[in-house]
Every structure is written in C-alpha cells, then in structure tokens.
Amino acid sequence: MRSFNENTENKRCIINILFIVLVVLISVFPLVFMKDADFEGADGQAEGVIVEINENYEPWFLPLYEPASGEIESLLFVLQAALGAGFIGYYLGMAKERKHRDYSVRQTDSPC
Amino acid sequence: MMRSKKNILVLMLVFVFLPRPVFAMHIMEGFLPLGWSVFWSLVSLPFIVLGLRSINKTVHQNPRLKMLLGLAGAFAFVLSALKLPSVTGSSSHPTGVGLGTILFGPLAMSVLGFIVLIFQAVLLAHGGITTLGANTFSMAIAGPLVAFTIYRAVQKCGGKPSLAVFLAAFFGNFFTYVVTSLQLALAFPAEIGGFVASLTKFLSIFAVTQVPLAISEGLLTVVIFNVLTIYSKDELRDLSVMFEEGAK
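The numbering scheme is per chain: residues are counted from 1 as the chain's sequence reads. Here the convention is simple: chains get letters from A, ligands get numbers from 1, in the order in which they are written. Only residues with pLDDT of 70 or above have their local features reported here, since the model is predicted, and side-chain atom pairs are shown and tallied only from 80 upward, although totals for entire chains, interfaces and linings are computed over all residues. Water and hydrogen atoms were dropped before computing side-chain values, which therefore reflect all heavy atoms in the structure.

Caption draft 1: Structural detail: the overall build of chain B. Looking only at helices and strands, one finds 10 helices and two strands in chain B. The cut-offs for exposure are 20% and 50% of the maximum accessible area for each residue type, with area from a 1.4 Å probe on protein chains only; residues under the lower value are buried, those over the upper are exposed, and the others partly exposed. For chain B, the residues scored as buried account for 58% of the 248 residues in total. In these tables, accessible area is a Shrake-Rupley quantity obtained with a 1.4 Å probe, and a residue counts as shielded only by the protein chains included in the view. Of the roughly 10400 Å² of accessible surface on chain B, 73% is carried by carbon and sulfur atoms. A helix here means a DSSP run of H or I that spans at least four residues, while a strand means a run of E at least two residues long, and both kinds are numbered starting from the N terminus.

Caption draft 2: Layout of the layout of surface pockets. Residues and elements named next belong to chain B. Approximately 300 Å³ is the volume found for the second largest pocket. Definitions used throughout: a 1 Å grid over protein atoms alone; a cavity as a set of points that fits a 1.4 Å probe which cannot get out; a pocket as an open set with protein on both sides within 12 Å along at least five of seven lines; a lining residue as one with an atom within 4 Å of a point. Taken together, 16 residues line the second largest pocket, and the ones lying closest to its centre are Ser54, Thr58, Gln61, Phe104 and Leu239. Broken down by secondary-structure element, the contributors of at least two residues to the lining of the second largest pocket are α2 (34-61), α4 (97-104) and α6 (132-156). The residue makeup of the lining of the second largest pocket, split by class, is eight nonpolar, five polar and three charged. Grid points are joined across faces, edges and corners, and a volume is the space filled by probe spheres set on the points. Polar here means any residue other than Ala, Val, Leu, Ile, Met, Phe, Trp, Tyr, Cys and Pro, which are nonpolar, and Asp, Glu, Lys and Arg, which are charged; Gly is therefore polar.

Caption draft 3: Fine view of the interface of chain B and chain A. Chain B puts 73 residues into the contact, and the matching count from chain A is 59 residues. By convention, the term buried area covers the 1.4 Å-probe accessible surface removed from two parts as they join, with the contributions of both added. Surface buried jointly by chain B and chain A totals about 6100 Å² across both partners, of which 71% is contributed by carbon and sulfur atoms. Criterion for a salt bridge: a side-chain nitrogen of Lys or Arg within 4 Å of a carboxyl oxygen of Asp or Glu. Taken together, the connections running from chain B to chain A amount to one salt bridge. Among the salt bridges present, the one from Glu235 of chain B reaches Arg98 of chain A, with a minimum N-O distance of 2.8 Å. Taken together, the elements giving at least two residues each to the side of chain B that touches chain A come down to α2, α3 (66-79), β1 (84-85), β2 (90-92), α5 (106-123), α8 (194-231) and α9 (233-238) of chain B. Among the elements that make up the side of chain B that touches chain A, the one with the highest residue count is α8 of chain B (19 residues). Pairs of residues are marked as contacts when any of their non-hydrogen atoms sit within 4.5 Å.

Caption draft 4: Representation of the packing of aromatic side chains within the structure. Residues and elements named next belong to chain B. Pairing of aromatic side chains requires ring centres within 6.5 Å, counting the rings of Phe and Tyr and the six-membered ring of Trp. Pairs whose planes differ by under 30 degrees are stacked, by over 60 edge-to-face, and all others tilted. Scanning the model with the defined rule gives 11 aromatic pairs over all chains in all. Centre to centre, the rings of Trp36 and Trp40 are 6.3 Å apart; their planes meet at 25°, and the pair counts as stacked. With Trp36 and Trp40 both in helix α2 and four residues apart, the pair spans about one turn of that helix. On the basis of an interplanar angle of 35° and a centroid distance of 5.0 Å, the ring pair of Trp40 and Phe137 is categorised as tilted. With a gap of 97 residues between them, Trp40 in helix α2 and Phe137 in helix α6 connect regions that are remote in the sequence. The burial state of Trp40 is the same as that of Phe137; both residues are buried. What links up through ring pairs into an aromatic cluster is the set Trp36, Phe39, Trp40 and Phe137.

Caption draft 5: Broad picture of the packing of α2 of chain B against α6 of chain B. All names here are of chain B. α6 packs onto α2 with a crossing angle of 45° between their chain directions and a minimal axis gap of 8 Å. As far as their axial angle goes, α6 and α2 are oblique. Remark: the crossing between α2 and α6 carries left-handed chirality. Contacts between α2 and α6 pair Trp40, Ser41, Val43, Ser44, Phe47 and Ile48 from the former with Gly133, Ala134, Thr136, Phe137, Ile141 and Leu145 from the latter. Here the axes come from fitting lines to C-alpha atoms, over the contacting stretch only for helices, and the angles between their N-to-C directions go from 0 to 180 degrees. Throughout this description, any angle smaller than 35 degrees is read as roughly parallel, any larger than 145 degrees as roughly antiparallel, any in the 65 to 115 degree range as roughly perpendicular, and the remainder as oblique. Handedness of a helix crossing follows the sense of rotation of the near helix relative to the far helix, less than a right angle counterclockwise being left-handed and clockwise being right-handed.

In structure tokens, the structure reads:
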C-alpha cells in the first residue's frame, strides 16, 4: 500500500517538473524566435483598435492612482506575486508537515 | 524659445491627461462607456453576493478549508501578476481562476477573482474601477463558469483528473478573453461591419495571444493540483473534488 502511494507520488513529482519546464519553454520560445517584437501589452493594442473604430472616444475616467514609473509598477506586480507565492509556500509547508505528523501518529497507534 | 516652452507644456499635458498604455489585459480605466460600466456592474453583483454566501457556507461547515480557500486566492494572485510574452509578439497574463473554481465552485471563485481585480485596479492602475464590473464578469464569473462546466463534463466522461484540470484551466483562461472581446465589441461596434467586425478585431488581439498562456495556465494548475492530491487529500475529499479513482 505504502509503496503504491510512493510510486504515484514520485510519478506526480516527475510530471510536475516536466510541466514546469514546459511552461518555461512556452514563455521563452517567443523571446528567442521573435526578436523584432516589442511584447507590449495586448490591452495597449486593444486601445489602438478602440481609437481606430471611434476616433472621438475619450476615456471618461482616469485611474485614481498610477504607479509613478514602470519600475514602481513592476515593484507592485512583484509584490503581488510575492505575497501569493509566500502564502502558497506557507500552505504547502504546513500541509506537508501535517501529513507527516498524521502518518507517524498512525504508525505509532497501530501496534497498540 | 517661447515655442519650445509651449511644446513642453503641451507634452506635459499629454502625459498627465492621456492614460499611458498600462500593460493590462483587462479593460482599462475609462475605456468603457458609462452605460456599459453600469450594465456589467449590475450583471456581476448577484454573482458576488451568491459567491459570498457560498464561501460563508463552506467555511462554516468546515473551518479547516479556510487555508485552502486562501491558497486558491493566492494562486490567482500569483498567476495574474505574471505577464508572459506570447507568440503574437505581445504579452498578456494568466488568470489563475481554474484552481479555485475546481475546489470551491464558480461562485466562490467570483469573489476571489473580484478581490484580485480590486487590488490591481486600485494599486496597479491595471484594469479600473469604472471597468471593474465588466472585468469581474469576464475573469471572475464567465471564466470560472466555463472552467466548472468543462471540469464536470470531463469528469463525467471518465477523463483523467489531470486532463479535466488542464482543460478547465485552459478554457477558463481562454474564455475570459473571449468575453473581454465581446464586451469591447458591444461597446465599440465598427461603423462598417458593426459588432461582428469589431469582435473579429478584438478577438484577433486577445485570443491568439492567449492560447500559449492558456496552455501555461493549464499546466501550472495541474502542477498545484497534483501537489494538493498528495498533501491535502482530506480537504479535497471534503470538497468532493477527488475522483473516485483517486480514493482507491
């Protein structure tokens, strides 16, 4: 039973590593093969289309706060990702420890 | 001399009053006419209310699921901050709504997605307050609804769990941007060709860019789901998202 579980766990671990590598490859591919592209946001292009369709359109509301520069914006994005990643790390650490503890409790309980 | 001063003044005014193309994939602040802003807010509101109820119910019945709910929110937080380059030469980001939808259902995910969108609209000038309703509808309501439908369908057909998770996340992401294109086309029908012509234009920007990102999002959602099936088996069973096969 235990070896079966360990086998599936190992398999999933390998699949996970493969998938993460695949995600990296998918992201790097355009950077390597499309040297001329500027990789601007798709929304900036949408804005262009809006202006093309309706020349007179004026945005009627401006952001209350805009990051002072591209760097500050990156900072805030990094902060968002870091907060999320921090919590995910915390959760997984907790879940792993809990599983380990439950397992050892079961181990010590069974002989009694 | 006078002239160059004037030019500088004009330039400054342009910088102050023209919203710079902030690198956002949601509809930008002020870029949806007032009527549509109100319309999408009204459409989204009941989903948020029902979502809050759904979360309350889940957490009340089983308090230990709080942490997992936090995880689903954190996952959406991380993924929607990752702006990735795409094959069209532009960049866009995943939505991260697939995981929460599979775990807690589409209504609960609406609330989590809404929170992410508020954060981005207020602090990052990404999306916007006037377009919050429309963006909530596309990313936090339509995306999760599609993801949920697909997850259940694959589950019913006896597909592998990882396939169900992948397809749910893929289509949840992809459909979000289809809806965004729809919303923009409805608000800005072209003079020649009307709604359909606009829709084609917006779809050609968002949808193609989104395909590789949707694949990435699908893969990453499978990765985190795999980890959960190892470490959070009991919670997944409580939420009855574990496949029968997994319980054997």
